[in-house]
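Descriptive structure summary
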Amino acid sequence: MSLAVGGMVAGAIYLFLSRQFLRILFGVILLSNAVNVAILTVGRLTQGQPPLIARNAEIMAQGVSNPLPQALILTAIVIGFGLLSFALALGWRAYQEMGTLDTSAMRVAEPEDRP
Amino acid sequence: MMDSLILRTGVRILLPLMLLFSIFILWRGHHEPGGGFVGGLICAVGFALHALAFGIDAMRRVLKADPRTILGAGLLLGILSGFITVPTGEPYMTAQWVGGLGTPVLFDIGVYLVVVGGVLAMVCALMEEGGA
Amino acid sequence: MNHWLTAAPILVPLTTAALCMLAWNYPVVQRVLSLAGSVTLVVLAGILAATTLNDGIQVVQMGAWAAPFGITLVADPLSALMIVIASIMGLCCAVYALGDIDPVRERGGFHPIFQVLMVGVCGAFITGDLFNLYVWFEVMLISSFVLLSLGGTKVQIDAAVKYVAINLVATACLLLAVALLYGITGTLNMADLSQRLPQVANQGLVSAIAVLFIIAFGMKAALFPFFFWLPAAYHTPAVAVQAIFAGLLTKVGVYSLLRVFTLIFIGDTGWTHSILLWMAGITMIVGALGSLATRDLTRAWSWQVVAHIGSMVMGLAIATPLALAATAFYLVHDIVVKTNLFLSAGLVRRLSGGEDTAFARLGGLFKAAPWLCVLLFIPLASLAGFPPLSGFWGKLLLVKAGLETQHYAMVAALLVSGLLTIWLVGRVWAEMVWKAPVQPPAALLASMARGRAYALMLPLVLLSLITFGIGVNPDRLLSVAAQVGASLHDTSAYVEAVLGGKAEPVPTLVGELQHQAGDRP
């Protein structure tokens, strides 16, 4: 698992080094998934039951899986999903407006000739 | 918008089924795996499929309300469900139970509406931008 | 009763946002709601701060789940102070937006999204849980993305692309750091973490995670190697948005650094705090130099935001009670001044009738609007650090703290940065006020409806008065800042307030599972 995380992070960083906004976005997707897997791993991997308290019981049964990483990952996925859909829409708009997704060619906000 | 007879016919049958299923998941989430988030997603996917098959305007007509209004209403419901603790003096969001039915249900319905509204607002924005 | 008060900074703007969304097609209703929500927030934040300063730290466990399991909201002196300032800035920007925001942006949902931004900011200030902090960061981030690109001009889209890209990376770093911290301690409650971290066997890993936090929060706060997105983005959106970004967003990064590196990572200060010290020093100089290199008012102010972040982090890195108090004081001063500068830059742009605020287009402001010049003099002089305005006291405290701990190089960097700022202020004054007008000043303000002109002017007057008030009578804020500094230096009161003075750390699920895994053959 940790090797998989390492590989994903390496891939993500390779993609970040690109100038294309779309590749950077793919890098972000990869990185956020790598982080989610990392959360799952650090929460200790166990083969367990769903962490629900049974009817008429006060505490959870033995051998359930750790619910907290799942909650954290769900939150992170939701947030990542929202951010990503926004970023994609933004990329599309940027392409429409500027005709390029090359981040080095985007100099509208900081024109080179006017400091 | 995809002009496909199979998709159109399929969506006609699927949409009510998915709506029912999403409400079932929402209800099941009270005691077992499931809940407002997953239910909301299923419901939103149903409407998104409808938009794919019949176009965004037809989807808006079926939905009746603006997605953003749904989002706001869900958010408000979620916030209000926490305020039920006012008479008891317990902290915000403490669950109150009346015979097996608790305020988390209200919160879950709020989440359901927020997810439906949020996802559909995004779908609308993307489809209108893309000219699909 | 108090737990309602502590949750109020989140609930009030959230409710306002929800109501604004329901009234999506009625901008007038949204305006009223936004204003009412902002005023309520200021009032409740004031009461919360008074309660916190008088009666000690306020804690509420959401849903009555005991710490460290549930989500805790904590209002300690620093949080309370930040929330008060943030709410006042929110009110000022909301009022300014009434006069400034154009119908397109208003239809696009400016008011609800602005309120959501306030939810994120206040939530980040008040939460006592690291993962929850991440969530509020995200709330803040998504709304700031939307606000930045709202209106959709070419410049804005360009800026938003860079802003979004860097912030997505910062977010992933933060989440990774949080995850690793959870992995080694099994808790994410900040007070609980501060108890558990010293017991972790692998202290090297703790330091590595600390550096990851420096990177993540440093990107948000625009510290030295990670600052370049800020001058690229901050001058593009609507003026009220610029002002709230400059006033609050980077300061949330500073607040998080302040919280994490006084409460949690205090084991290896020789390593982490000296990194922060170096970053702070370089940030100050680079920011000040950058502001001198541009020939545009708003962009110069963007660089100044970077420069002053350095000063605050310097106080954190020195980490004596006096230095922390100085940081708190400087935070308040800087938020007020930066918001004021960006709002007034918007007004200057309106008066010069131009599309942007390039120095070449400015001039003759004194003839056009003498009262505005008087008003503008206060934040400018305070930025430069002229006594007796608020900037002077902040710098004085920082210099004193630096000299006491023999950080002479840092003090020198602070003073050089201050000198460069004075240079910038002098240049701005010359270009903007004294230079002969390039084009006849637009009589925009006079032609505007009375209400709009008031909406644009009132926030400036209020902010300048705050700066002036702090400068003339710094004792009140100084005593609050001293209280903040003391509470950050000795965090035992914070820990006890959150955990209720439990002697034994509660076993966590991670620890328990580890135990089980160890038992298994």
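Thresholds applied
- Residues numbered from 1 in each chain as written.
- Chains lettered and ligands numbered in written order.
- Predicted model: local features only at pLDDT ≥ 70, side-chain atom pairs only at ≥ 80, totals over all residues.
- Heavy atoms only, no water.
- Helix = DSSP H or I, 4+ residues; strand = E, 2+ residues; numbered from the N terminus.
- Buried < 20%, exposed > 50% of the residue type's maximum accessible area, 1.4 Å probe, protein only.
- Contact = heavy atoms within 4.5 Å.
- Areas by Shrake-Rupley, 256 points an atom, 1.4 Å probe, with all protein chains shown as cover.
- Rg over C-alpha atoms; globule rule 2.2 N^0.38 Å.
- Polar contact = N/O pair within 3.5 Å; in protein donor to acceptor, adjacent residues only side chain to side chain.
- Patch = residues over 30% accessible without salt bridge, like charges linked within 9 Å, V, L, I, M, F, W, Y side chains within 5 Å.
- Salt bridge = Lys/Arg side-chain N within 4 Å of Asp/Glu carboxyl O.
- Nonpolar A, V, L, I, M, F, W, Y, C, P; charged D, E, K, R; others polar.
- Core = buried A, V, L, I, M, F, W, Y, C linked by side-chain atoms within 4.5 Å.
- Axes fitted to C-alpha atoms, helices over the stretch in contact; angles between N-to-C directions.
- Parallel < 35°, antiparallel > 145°, perpendicular 65-115°, else oblique.
- Phe/Tyr/Trp six-rings, centres within 6.5 Å; stacked < 30°, edge-to-face > 60°.
- Pairing = 2+ DSSP bridges.
- Left-handed = near helix turned anticlockwise from the far one by under 90°.
- pLDDT = per-residue confidence, 0-100.
- Expected span 1.5 Å × (residues − 1).
- Bend = angle between axes of the 7 residues up to and from the residue.

**Structural notes on the overall build of chain B**
A count of helical and extended segments in chain B gives five helices and two strands. Ordering the α and β elements of chain B from the N terminus gives α-α-α-α-β-β-α. Across the 132 residues of chain B, 44% fall into the buried class. Partitioning the intrachain contacts of chain B with sequence separation of at least 6 by distance along the chain shows that 67% fall at a separation of at least 24. Working note: accessible area of chain B is about 6700 Å², and carbon and sulfur atoms make up 73% of it.

**Concerning the overall build of chain C**
Per the secondary structure count, chain C includes 23 helices and two strands. For chain C, whose C-alpha radius of gyration is 23 Å, the value lies close to the compact-globule estimate of 24 Å for 521 residues. Expressed along its principal axes, the backbone C-alpha trace of chain C runs to roughly 85 × 55 × 45 Å. Within chain C, the fraction of its 521 residues that count as buried is 66%. Sequence separation of at least 24 residues holds for 80% of the intrachain contacts in chain C that already meet a minimum separation of 6. Of the accessible surface of chain C, which amounts to about 16900 Å², a share of 69% is contributed by carbon and sulfur atoms.

**Brief notes about the side chain of Ser38 of chain C**
Residue and element names in this part refer to chain C. Topologically, Ser38 is positioned in helix H2 (residues 27–55). Assessed through its relative accessible area of 5%, Ser38 is described here as buried. Only 2.8 Å separates the side chain of Ser38 from the backbone oxygen of Ser34, close enough to count as a polar contact. Contacts of Ser38, omitting those with residues within four sequence positions, involve Gly90, Leu91, Ala94 and Gln115.

**Remarks on a nonpolar patch on the surface**
Taken together, the side chains of Leu35, Val39, Val43 and Ile47 of chain C present a nonpolar region at the surface, about 290 Å² in accessible area. Note that Leu35 of chain C resides in helix H2.

**Observations regarding the interface of chain C and chain A**
On the side of chain A, 41 residues touch chain C, which itself brings 43 residues to the contact. Between the two partners, chain C and chain A, sit zero salt bridges. In this assembly, chain C and chain A are joined by zero residue pairs in polar contact (both at pLDDT 80 or more). Going through the elements one at a time, helix H6 (130–149), helix H7 (154–185), helix H10 (229–233) and helix H23 (509–519) of chain C are the ones with two or more residues in the side of chain C that touches chain A. For the side of chain C that touches chain A, the element with the most residues is H7 of chain C, which contributes 19 residues. Residues that form the side of chain C that touches chain A fall into these classes: 28 nonpolar, eight polar and seven charged.

**Here's the deal with the nonpolar core**
Ranked by internal contacts, the top residues of the largest apolar core, which has 224 residues, are Leu130, Phe213, Phe261, Phe265, Trp301, Leu372 and Met432 of chain C. Of all the elements, H7 of chain C adds the most residues to this core, at 20 residues. Dropping the residues within four chain positions of it, Leu372 of chain C is found in contact with Leu347, Val348, Leu351, Leu365, Met457 and Leu460 of chain C. Formed by 19 residues, the second largest nonpolar core is a distinct cluster that contains Leu26, Cys43, Ala44 and Val123 of chain B.

**Notes on the packing of helix H13 (residues 297–318) of chain C against helix H14 (residues 321–352) of chain C**
All names here are of chain C. The interhelical angle for the contact between H13 and H14, taken along N-to-C directions, is 175 degrees, at an axis separation of 9 Å. Taken together, H13 and H14 sit at an angle that is classed as roughly antiparallel. Between H13 and H14, the residues in contact are Leu297, Thr298, Trp301, Ser302, Gln304, Val305, His308, Ser311, Met312, Gly315, Leu316 and Ile318 and Ala323, Leu324, Thr327, Tyr330, Leu331, Asp334, Lys338, Leu341, Phe342, Ala345 and Val348, respectively.

**Comments concerning the packing of aromatic side chains**
Residues and elements named next belong to chain C. Taken as a whole and assessed by the stated rule, the structure comprises 19 aromatic pairs over all chains. Ring plane angle 45 degrees and centroid distance 5.4 Å describe the contact between Phe131 and Tyr134, whose orientation is recorded as tilted. With a gap of three residues between them, Phe131 and Tyr134 both fall in helix H6, about one helical turn apart. Residue Tyr134 is classed as buried on the basis of its relative accessible area of 3%. Note on Trp229 and Tyr234: the rings are 5.9 Å apart at their centroids and 70 degrees apart in plane angle, and the pair reads as edge-to-face. This pair shows no difference in class: Trp229 is buried, exactly as Tyr234 is.

**So, the pairing of strand S2 (residues 72–75) of chain C**
Residue and element names in this part refer to chain C. Of the two faces of S2, both are covered, the one formed by Thr72 and Val74 as well as the one formed by Leu73 and Ala75. The sheet contact formed by strand S1 (residues 58–61) and S2 spans four bridges and is antiparallel. When the sheet's bridge partners are listed, Val60 is paired in S2 with Leu73.

**Some thoughts on unusual backbone geometry**
Residues and elements named next belong to chain C. Although it is not a glycine, Ala222 adopts a positive phi angle of roughly 65 degrees. Position of Ala222 relative to the elements: it lies in the loop between helix H9 (203–221) and H10. Here the phi dihedral of Gln406 falls at roughly 60 degrees; this positive angle occurs in a residue that is not glycine. Along the chain, Gln406 falls in the loop between helix H17 (390–404) and helix H18 (408–434).

**Observations concerning the packing of helix H3 (residues 67–98) of chain A against H7 of chain C**
In contact at an axis separation of 10 Å, H3 of chain A and H7 of chain C are set at 165 degrees when each is read in the N-to-C sense. In terms of orientation, H3 of chain A and H7 of chain C fall into the roughly antiparallel class. Where H3 of chain A crosses over H7 of chain C, the two elements pack in a sense that is left-handed. Judged by residue contacts, Leu68, Pro69, Ala76, Leu83, Phe86, Ala87, Leu90, Arg93, Ala94, Glu97 and Met98 of chain A of H3 of chain A engage Lys154, Ile157, Asp158, Ala160, Val161, Val164, Leu168, Leu175 and Tyr182 of chain C from H7 of chain C. Of the residues assigned to the contact of H3 of chain A with H7 of chain C, the class counts are 16 nonpolar, no polar and four charged.

**Digging into the environment of Tyr330 of chain C**
Residues and elements named next belong to chain C. Looking at the element boundaries, Tyr330 is found in helix H14. Tyr330 sits 64 residues away from Gly394 along the chain, and the two C-alpha atoms are 5.0 Å apart. Non-local contacts of Tyr330, meaning those with residues more than four positions away in its chain, are made with His308, Ser311, Met312, Gly394, Lys395 and Leu398.

**Some points on the confidence of the model for chain C**
All names here are of chain C. Of the residues in chain C, 91% have a pLDDT of 70 or more, and the chain-wide mean is 83. The low-confidence segment residues 512–521 (pLDDT under 50) makes seven contacts with residues lying over four places distant or belonging to another chain. Here the prediction assigns the complex a pTM of 0.87, and the interface score ipTM is 0.85.

**Examining the pattern of salt bridges**
Evaluated as defined, the whole model comprises eight salt bridges over all chains. Put simply, Asp66 of chain B and Arg68 of chain B hold a salt bridge, and the shortest N to O gap is 3.4 Å. A salt bridge links Asp334 of chain C to Lys251 of chain C, with the nearest nitrogen and oxygen atoms 3.2 Å apart. Linking Asp334 of chain C in helix H14 with Lys251 of chain C in helix H11 (residues 239–263), this pair joins segments that are 83 residues apart in sequence. For Asp334 of chain C, a relative accessible area of 0% corresponds to the buried category. Here the salt bridges share partners, and the residues they tie into one network are Lys251, Asp334 and Lys338 of chain C.

**A closer look at helix H1 (residues 5–28) of chain B**
All names here are of chain B. The end-to-end C-alpha distance of H1, which contains 24 residues, comes to 34 Å, matching closely the 34 Å that a straight helix rising 1.5 Å per residue would cover. Considering bend angle alone, the principal kink of H1 is centred on Leu14 and spans about 30 degrees; proline Pro16 follows within four residues of it. Buried residues of H1: Val11, Leu15, Met18, Ser22, Ile25 and Leu26, and no others.

**Considering the environment of Ala87 of chain A**
Position of Ala87 of chain A among the secondary structure elements: in helix H3. Along the chain, Ala87 of chain A and Leu25 of chain A lie 62 residues apart, while their C-alpha atoms are 7.7 Å from each other. Among all residues touching Ala87 of chain A, those that are not within four sequence positions of it are Phe21 and Leu25 of chain A together with Val164 and Leu168 of chain C.

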